2 protein chains.
Amino acid sequence: MGTRRRPLIRDVAGRAGVSLTTVSLVLNGKAGANIPAETQARVRAAAKELGYRPNAMARGLRRQRSDTIAVISDEIATTPFAGAMLQGAQDAAWATGRVMLLVNTGRDVNLEARAVEAMLDHHVDAVVYARMHHEVVDPPAGIRDVPAVLLDARTASGDLPSVVPDEAAAAFAAVGYLAGHGHRRIAFVNTSDPGPAAIERLEGYRLGLSAHGLAADPAMIALGDYGDTPSGFAAALRLLDGDNRPTALFCFNDRMAMGAYRAILLRGLRVPDDISIVGFDNMEQIAPWLDPPLTTMQLPHYEMGRWAVEHVLAMLDGPSTVTPRLPMQMRLPCPLVERRSVGPPTA
Amino acid sequence: MGTRRRPLIRDVAGRAGVSLTTVSLVLNGKAGANIPAETQARVRAAAKELGYRPNAMARGLRRQRSDTIAVISDEIATTPFAGAMLQGAQDAAWATGRVMLLVNTGRDVNLEARAVEAMLDHHVDAVVYARMHHEVVDPPAGIRDVPAVLLDARTASGDLPSVVPDEAAAAFAAVGYLAGHGHRRIAFVNTSDPGPAAIERLEGYRLGLSAHGLAADPAMIALGDYGDTPSGFAAALRLLDGDNRPTALFCFNDRMAMGAYRAILLRGLRVPDDISIVGFDNMEQIAPWLDPPLTTMQLPHYEMGRWAVEHVLAMLDGPSTVTPRLPMQMRLPCPLVERRSVGPPTA
DNA sequence: CTGAAAGCGCTTACAG
DNA sequence: CTGAAAGCGCTTACAG
């Protein structure tokens, strides 16, 4: 460990018999036609032989950019979606030779403020402020000192660029898919948590119904209190036990769908023979393993992560074109992942 | 964005009417008794009023440390454990005022090599080389240029410090727990993937059996090919259909346990009345939601992440004491999470 | 075509 | 007790 000293630019200059300037110019591709090919080759050879790589701190200090981007998230530890979002962000950062600084705040506002400070201390080129669940947020002021975009989150006023899932379109598509299979009594097992996801999916659900000439029946909507498996179970049970039982269930998420499966089983019914189900999230740990495997709307976590840093990097390059008066509010589509929980209605 | 210039140390020196030296000394707590309290107060006030914070790149360049640690992982996007590991790593880094550079390689050796280079370019103070599943690895040589520890991974020779779950102890404990409930025919639904987890758990299982005076019956071990739900289902089915059916199943992971539940249900049996089950992983998305909720061994992801950076940071501070001839090979315990899938045997 | 010099923003001997 | 100066390792006008 720490064996021999890392070579410096002066080492390669010495070995190539040129000045520091020449080395820097050549290695940064700014030599152009000014420096003879032979010299350039000599410099490159020397650099390669020594295994020279510029010190990012020195270079960053001088160029006033760190080749670093910050991702500030809220609860990485407790959501299985985090990885995909981070992967998308990283891939985009990496594509520009940048490295990703990650800090997770656990929704602690105090810690969050300190995290932003720390990121700015390190002079990150840009920041991505992320939530693990689509949310309306009021991010710490500091992030505005630098190009910033909101990931799976947006401000109430839309004064910062953001990328979120197109919840309404997804719900609309789910209803359309079910209607396309012939269902006319399509229930919505929603969460009572009044976030953008619940609100916008409800809207999409309603739009979907009317687009297919189906009446919106309040009895076809059941709310699960916590958005978890038991609450999905309970909500589905109410739906199944009501009169005019639905033939299809659109569930707020895969966990609730898992509860719905249980309710259906308990009532001696079968998926999809008696009841069709469409979930939401495409949770890798659940959806493929349910019996039968669950058809569900996929949240575009990877794509959102990627979009966020691509956009924030674009802001960095061309503030004029990419930072118009109105910050971009991007909605990414949620593809339908077809498995085996939907069939034609029997009743 | 980019509104007003970030204040520099010279700004606070100007405002406080002292030299840069004095400001630096005071702000870094190296003023001691040399600088009168009054002056110190003036400096601090000036710094606060201006909102001064040192430029981490400049400071890093000068001090030859970046206050940064690198985490290099393999497949963050596809495993729900990633978050907890990263959270543990971050918390430990954060506790020392350091920030975490994350790069995920997708198990691409080429990318991995480049990632290490990039991290070293940024002069990270230390690197944590992580796997999402306990594995024997041969990490890129570059990480040895800096204090490094392996997270949820180890080298064949043990020449790098590492932290992994104590697989054998966990399996031993699981068998003990089952035996404590009176079970004597305890089967092991293992994975056929020959990693350290499978091997060491098998060992622990055998030790557990003999510690409780139970015979090791080869017919009590079934292998699932992929370690997923269907393979758990199939393996459990074989066990249930064999003669001398087990009264308890210890499963390699929660996904396989989920498959086992299905097999048990299919055979008209019940958990835990007819068959008790202990899983592994404590997957938040599965274990609590199974019916009945699954008793399982928890993988200490958070703790491992935390230990890894704490240890690597300790190496940084006191190489002599913490980097003995033999790099530390840490095994962290996997606590048993008691839920409702285990009861006394009936048969 | 190539090099000497300044400077990015700090910290830290060193001097007084 | 405090400051002027050197230096961390680069890049980039500027000069020749």
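Residues numbered from 1 in each chain as written. Chains lettered and ligands numbered in written order. Predicted model: local features only at pLDDT ≥ 70, side-chain atom pairs only at ≥ 80, totals over all residues. Heavy atoms only, no water.

Asks: Before we go on, may I ask you to explain the sheet that holds strand β5 (residues 162-165) of chain B in this structure?
Replies: In any sheet, the strands associate via hydrogen bonds between backbone groups, in a parallel or an antiparallel arrangement. Pairing is mixed across the open sheet formed by 12 strands, whose spatial order is β11(A)-β5(A)-β4(A)-β3(A)-β1(A)-β2(A)-β2(B)-β1(B)-β3(B)-β4(B)-β5(B)-β11(B). With partners counted over all chains shown, the strands left at the sheet margins are β11 (329-332) of chain A together with β11 (329-332) of chain B, one partner each. Each strand axis lies, on average, 25° off the axis of its neighbour in the sheet, ignoring direction. Looking at chain direction, β5 of chain B and β11 of chain B are connected through four bridges and run parallel. What sits directly across from Val-163 of chain B, in β11 of chain B, is Met-330 of chain B. Against the sheet, helix α8 (residues 196-211) of chain B makes contact with β3 (126-136), β4 (148-154) and β11 of chain B, and its axis sits at roughly 60° relative to β3 of chain B, the strand it touches most. (Pairing = 2+ DSSP bridges. Helix = DSSP H or I, 4+ residues; strand = E, 2+ residues; numbered from the N terminus. Axes fitted to C-alpha atoms, helices over the stretch in contact; angles between N-to-C directions. Contact = heavy atoms within 4.5 Å.)

Asks: What exactly am I supposed to notice about the protein's contact with DNA strand C here?
Replies: Around DNA strand C there are 25 residues in total, and Thr-21, Pro-36 and Arg-62 of chain A together with Ser-24 and Arg-62 of chain B lie nearest to it. The sugar and phosphate moieties of DNA strand C supply 65% of its atoms located within 4 Å of the protein. Here Thr-22 of chain A contributes a side-chain N or O atom positioned 3.1 Å from a phosphate oxygen of DNA strand C. A distance of 3.3 Å is found between a base oxygen of DNA strand C and a side-chain nitrogen or oxygen belonging to Thr-21 of chain B. Counting only elements with at least two residues in the surface near DNA strand C, the list comes to α2 (20-27) and α4 (56-63) of chain A together with α2 (20-27) and α4 (56-63) of chain B. If one sorts the elements of the surface near DNA strand C by residue count, α4 of chain B sits on top with four residues. Along the lines of polarity and charge, the residues of the surface near DNA strand C split into 10 nonpolar, 10 polar and five charged. (Near = heavy atom within 4 Å. Polar contact = N/O pair within 3.5 Å; in protein donor to acceptor, adjacent residues only side chain to side chain. Nonpolar A, V, L, I, M, F, W, Y, C, P; charged D, E, K, R; others polar.)

Asks: When you look at the interface of chain A and chain B in this model, what are you seeing that I'm missing?
Replies: One frequently used descriptor of interface size is the decrease in accessible area upon assembly of the parts. Taken together, the contacts link 57 residues of chain A with 57 residues of chain B. Interface area for chain A against chain B, summed over the two sides, is near 5200 Å², with a carbon-plus-sulfur share of 62%. Along the contact surface separating chain A from chain B lie six salt bridges. For Asp-121 of chain A, the salt bridge goes to Arg-6 of chain B, with nearest N and O atoms at 2.8 Å. Taken together, the connections running from chain A to chain B amount to 17 residue pairs in polar contact (both at pLDDT 80 or more). Of all elements in the fold, only α4, α5 (82-94), β2 (99-104), α6 (109-121), α9 (229-241) and α10 (254-266) of chain A reach the threshold of two or more residues within the side of chain A that touches chain B. Looking at the side of chain A that touches chain B, its residues break down into 31 nonpolar, 14 polar and 12 charged. The sheet contact formed by β2 of chain A and strand β2 (residues 99-104) of chain B spans three bridges and is antiparallel. Bridge pairing in β2 of chain B places Leu-101 of chain A opposite Leu-101 of chain B. (Buried area = accessible area lost by both parts, 1.4 Å probe. Salt bridge = Lys/Arg side-chain N within 4 Å of Asp/Glu carboxyl O.)

Such coordinate-based values are descriptive only and should not be taken to indicate function.
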